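Each chain, written out:
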Amino acid sequence: MSGAVAGLFRRVGAMMRKEMLQLVRDRVSFATMIMIPLLQLVLFGYAINTTPRHLPTAVLAYENTSLTRSILAAIENTKYFKVVSHPTSAAEADHQMLAGEVSFIVEIPAGFERAVRRGESPSMLVAADATDPVASGSAIASLNALVDTAVKRERFAVEGGPEGSGLESAPPAFQIITHARYNPAAVTQLNIVPGLLGTILTMTMLIFTALSVTREIERGTMETLLAMPIRPVEVMLGKIAPYVLVGAGQALLIVGAGRLLFNVPMIGSPGLLTLLTVLFIMANLSIGYTFSTLAQNQLQAVQMTFMYFLPNILLSGFMFPFAGMPVWAQWLAETMPLTHYLRMVRGIMLKGADGSDLAQDIVALGAIMLVAMFIAVRRFRQTLD
Amino acid sequence: MSEAADTLPQGSLPDVPYAIEVEGLSKSFGDRVVVRDLSMRVRKGQIYGFLGPNGSGKTTTIRMLCGLLTPDSGRGTCLGLDILTQAREIRRHVGYMTQRFSLYADLSVRENLEFVARVYGVPEPVKAAKAAVDRLGLSGRDKQLAGSLSGGWKQRLALGACILPSPQLLLLDEPTAGVDPKARREFWAQIHELAADGLTVLVSTHYMDEAERCHEIAYIAYGELLAQGTVDEVVAGAGLFTWSVSGGDPAPLARELSALPGIDMVAPFGSSVHVGGHDAAALEAAIAPFRERPGLIWRRDEPTLEDVFIDLMSRSKDNFR
Ligand SMILES: Nc1ncnc2c1ncn2[C@@H]1O[C@H](COP(=O)(O)OP(=O)(O)O)[C@@H](O)[C@H]1O
Ligand SMILES: [Mg+2]
């Protein structure tokens, strides 16, 4: 049966060669494959870096004491906030936020300093315009620590229990937006770059394979291909293989640029990451290929890809914290390769996870790939019926 | 579906006298019958013309022969291999040239040929492709993208790709459509050379003059095979008696004649009109009044293949529409 294997390799090889030639000849697509990762990385990376800084802030202070001045100075010192107005009423402050003039309202109630001295732990309200939670999240996260230190720096002798209890320095309470907890300013970029690795690979791998079969049908070349002695699985492998290389190249580009531009570390094993990246690429290619066998034309294939891509982005934990989603959404997300891959990349690059830590995700990703491949091969029609 | 099928040496194909032998093939799309109860036999080494108007089911039949479409009913063999169960083996030994150019437009001439050679397992694919390029007279253009070739060269390339893996049977679907007369002539010369080497060729066309270049022909209209045999057999089998009339204005004359009983076929032919009928006596009776008309010159004539086809087509139309 070694003849059979040789034949299989020969035909897959022929198919692969043909695909590569077509890929290289299609300059625009080829350039896109290199430009998409770089562009996204730079845009996302620097956008995340710069947007949360100097956010316009209104201060609604009902008292003007040395403590409140110290708090405000500390807030401005974070560079996340820039006090742009001092409204005199809550209504005025609300209006400014509605109009988008300020992103935050810091409200300090009357008798604040006195209450702090008494250890009553009064509330200082920070209302955030949460329409852009990513922007506001890191700013809010910075408040916790900084106001705390401001209070300490003022050296107000807290008259209550000085140490021990969690509320020892009686800091003002904050209105905390859920995202802030998962988006602490210091690690945001580190989280984003590995996340981008997953989303960029998903997008490019899906698009290019989703087009591959429909393109042959649209151009009429499918009829000749079907009339040749080549099996569906050989066509699929031959079409997928070149993109594994393309995907691996993209991954290298992203990880390299992430390190260069944002100092994203690689704590775990690069070899394991490479292996799992190839697995992830193949899972996406199989899914894209399945779309390709379902779509009637290239436009439909692209539409299907985006339909699939959107929930991937939203539910995988790239955009929003996975733990914050309802259970049904979590289950849905578990069926998506990106969800598992994000855990892998973040685990390996940022936390130094090894294969056994990620076993569940590896198995899940492998299963998703096999199911997609099975459907794709079954769906690939051997006739024109 | 063993590997053996892909690299089967030519000698091990079943030794049968017919390259194509099918019976009762039918195919519908939706509730539309496109091919109805079609049977045909093509002897090995023959050039078999498959004629019929557009939409008559030629492409559909060819696709069923090479396993690209599954017939709704019927059975048959190609090169002694069952078209229903051995489609993959058939593909290895059949060269199918599609009606529409379907090689890769964004690959060069040589890359296309190399791809074909590799998929079929032709030994030394690069060499084989280069040899094919030279044989096709495409030497100066081997790096040109296939999509940028002119119609005639595309057709040559497509044929070259078909014969590269040394098939036993060629299925050519309207290979000369839209090709200039010189290229057509060269093409047919090549087909005859291939047949002389023992290849069987089934070629669909709607050019009458090409029918005359075939050893045998079959005529299909509205999915129905209406006649087959040599050109002479088909003409004789039609049982058509024809007269030709000249000297008058052909168009009004044809209109007048076609309304008459006893006249089954009227075809303007340049400045003359062909008139035909299946009953010689009735035909003569019908044209008798016209023979008196001054200026008209009547002549007994042998029916041409075209007369026969027009007659066959109009009869089948009467039967099925
Ligand atoms: N895949 C298909 N689906 C529906 N109708 C088809 C399909 N293929 C062919 N037909 C119809 O079947 C008829 C015969 O087509 P075809 O075999 O291509 O004829 P020919 O090759 O003789 O011109 C045409 O009317 C065509 O519209
Ligand atoms: Mg046709």
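Keep in mind the model is a prediction, meaning the values are calculated, not measured.

About the cut-offs
- Numbers given for residues are sequential positions, taken from 1 along each chain in its written order.
- Chains and ligands are labelled sequentially in the order written, the chains with letters from A and the ligands with numbers from 1.
- The predicted origin of the model limits local features to residues at a pLDDT of at least 70 and limits the giving and counting of side-chain atom pairs to 80 or more, whereas totals for whole chains, interfaces and linings rest on all residues.
- Just so you know, side-chain values use all the structure's heavy atoms and leave hydrogens and water out.
- Strands qualify as paired when DSSP identifies two bridges or more between them.
- For the purposes of this entry, the term helix denotes a DSSP run of H or I that reaches at least four residues, the term strand denotes a run of E that reaches at least two, and both are numbered from the N terminus.
- Lines fitted to C-alpha atoms define the axes, with helix axes restricted to the stretch in contact, and inter-axis angles between N-to-C directions lie between 0 and 180 degrees.
- Contacts: residue pairs with any heavy atoms within 4.5 Å of one another.
- Burial status follows relative accessibility: with a 1.4 Å probe on protein chains alone, a residue under 20% of its type maximum counts as buried, one over 50% as exposed, and anything between as partly exposed.
- Within this analysis, the arc is defined by the directions that extend from the helix axis to the C-beta atoms.
- In what follows, salt bridge is the name for a side-chain nitrogen of Lys or Arg lying within 4 Å of a carboxyl oxygen of Asp or Glu.
- Side-chain atoms alone can form a polar contact between residues adjacent in sequence; in general such a contact is a pair of N or O atoms within 3.5 Å, and within protein one must be able to donate a hydrogen while the other accepts it.
- Listed donor atoms are N, O and S within 2.8 Å of the metal (Na, K and Ca: 3.2 Å). As water is not included, a site may look incomplete.
- The nonpolar core is taken to be a set of buried Ala, Val, Leu, Ile, Met, Phe, Trp, Tyr and Cys residues, with the residues joined through side-chain atoms within 4.5 Å.
- Residues are classed as near a molecule or strand on a simple rule: at least one heavy atom within 4 Å of it.

**Q** Sorry, what's going on with the sheet that holds strand 10 (residues 224-229) of chain B here?
**A** The pairing of strands in a sheet happens through backbone hydrogen bonds and is either parallel or antiparallel. Residue and element names in this part refer to chain B. Taken together, the 6 strands give an open sheet; going across it, the order is 6-7-8-3-9-10, and neighbouring strands pair in mixed fashion. Strands with a single pairing partner mark the edges of an open sheet, and in this sheet they are strand 6 (94-97) and strand 10. Between one strand and the next, the sheet's axes are offset by a mean angle of 15°, whatever the strand orientation. For strand 6 and strand 7 (residues 169-173), the ladder comprises 4 bridges, and the chain directions are parallel. Bridge pairing in strand 7 links M97 to L172. The strands touched by helix 6 (residues 181-196) are strand 3 (47-51), strand 7 and strand 8 (200-205); relative to strand 3, the strand with the most contacts, the crossing angle is about 135°.

**Q** I'm lost on helix 9 (residues 250-258) of chain B in this one. Help?
**A** Residues and elements named next belong to chain B. By the burial criterion, the buried members of helix 9 are P250, L253, A254 and L257. Projected down its long axis, helix 9 shows its buried positions confined to an angular sector of 100°, all on one face. Those residues of helix 9 that are buried are in contact with strand 11 (241-246), strand 12 (265-269), strand 13 (272-277), helix 10 (280-292) and strand 14 (297-301).

**Q** Hey, could you run me through the environment of T70 of chain B in this one?
**A** Along the chain, T70 of chain B falls in the loop between helix 1 (58-65) and strand 4 (73-78). When the C-alpha positions of T70 of chain B and L225 of chain B are compared, they lie 19 Å apart, and in sequence the two are 155 residues distant. Setting aside anything within four residues of it in sequence, one finds T70 of chain B in contact with T383 and D385 of chain A together with K27 of chain B.

**Q** What is the right way to read the interface of chain B and chain A from this model?
**A** By a widespread convention, an interface's size corresponds to the accessible area lost as its parts come together. Facing 29 residues of chain B, the contacting portion of chain A comprises 30 residues. Linking chain B with chain A are 3 salt bridges. As a salt-bridge pair, E223 of chain A and R63 of chain B come within 2.7 Å of each other at their nearest N and O atoms. Seen at the junction of chain B and chain A, the total is 14 residue pairs in polar contact (both at pLDDT 80 or more).

**Q** Hey, could you run me through the coordination of the magnesium ion (ligand 2) in this one?
**A** Six octahedral donors around a metal ideally sit at 90 or 180 degrees from one another, while four tetrahedral donors ideally sit at 109.5 degrees. Residue and element names in this part refer to chain B. Distances from the magnesium ion (ligand 2) to its protein donors, T59 (OG1) and Q99 (OE1), fall within 2.0 to 2.2 Å. Linking T59 in helix 1 with Q99 in the loop between strand 6 and helix 3 (109-120), this pair joins segments that are 40 residues apart in sequence. For T59, a relative accessible area of 18% puts it in the buried group. Residue classification places Q99 among the partly exposed positions, given a relative accessible area of 41%.

**Q** How do you make sense of the environment of V255 of chain A when you look at a structure like this?
**A** Residue and element names in this part refer to chain A. Residue position: V255 is located in helix 10 (residues 232-262). Along the chain, V255 and I200 lie 55 residues apart, while their C-alpha atoms are 12 Å from each other. If we ignore the near neighbours within four places in the chain, the residues touching V255 are L197, M266 and M349.

**Q** Explain the nonpolar core here, please?
**A** Nonpolar side chains tend to gather and get buried jointly when the protein is soluble and globular. Residue and element names in this part refer to chain B. The biggest cluster of nonpolar side chains holds 112 residues, and the ones touching the most others in it are L113, L171 and L202. Beyond its immediate chain neighbours, meaning those up to four positions away, L113 contacts A129, A132, V133, L136, L157, G160, A161 and L164. The next biggest cluster of nonpolar side chains, apart from the first, holds 33 residues, and it includes M97, C214, V235 and F309.

**Q** Explain the site of ligand 1 to me, please; I cannot follow it from the model alone.
**A** Residue and element names in this part refer to chain B. Close to ligand 1 lie F29, R32, V34, P53, N54, G55, S56, G57, K58, T59 and T60. With respect to ligand 1, the backbone of K58 contributes an N or O atom lying 2.8 Å from an oxygen atom. Breaking the shell around ligand 1 down by element, the ones donating at least two residues are strand 2 (32-43) and helix 1. Broken down by element, the shell around ligand 1 gets its largest block of residues, 3 residues, from helix 1.

**Q** Which parts of the structure should I look at to understand the sheet that holds strand 12 of chain B?
**A** Residues and elements named next belong to chain B. Taken in spatial order, the 4 strands line up as 12-13-11-14 in an open sheet, and their pairing is antiparallel. At either end of the open sheet lies a strand with only one pairing partner, and these are strand 12 and strand 14. In this sheet, adjacent strand axes meet at a mean angle of 20° when their direction is disregarded. Set on the sheet, helix 10 makes contact with strand 11, strand 13 and strand 14; between it and strand 11 the angle comes to about 15°.

These values are about where atoms sit, not about what they do.
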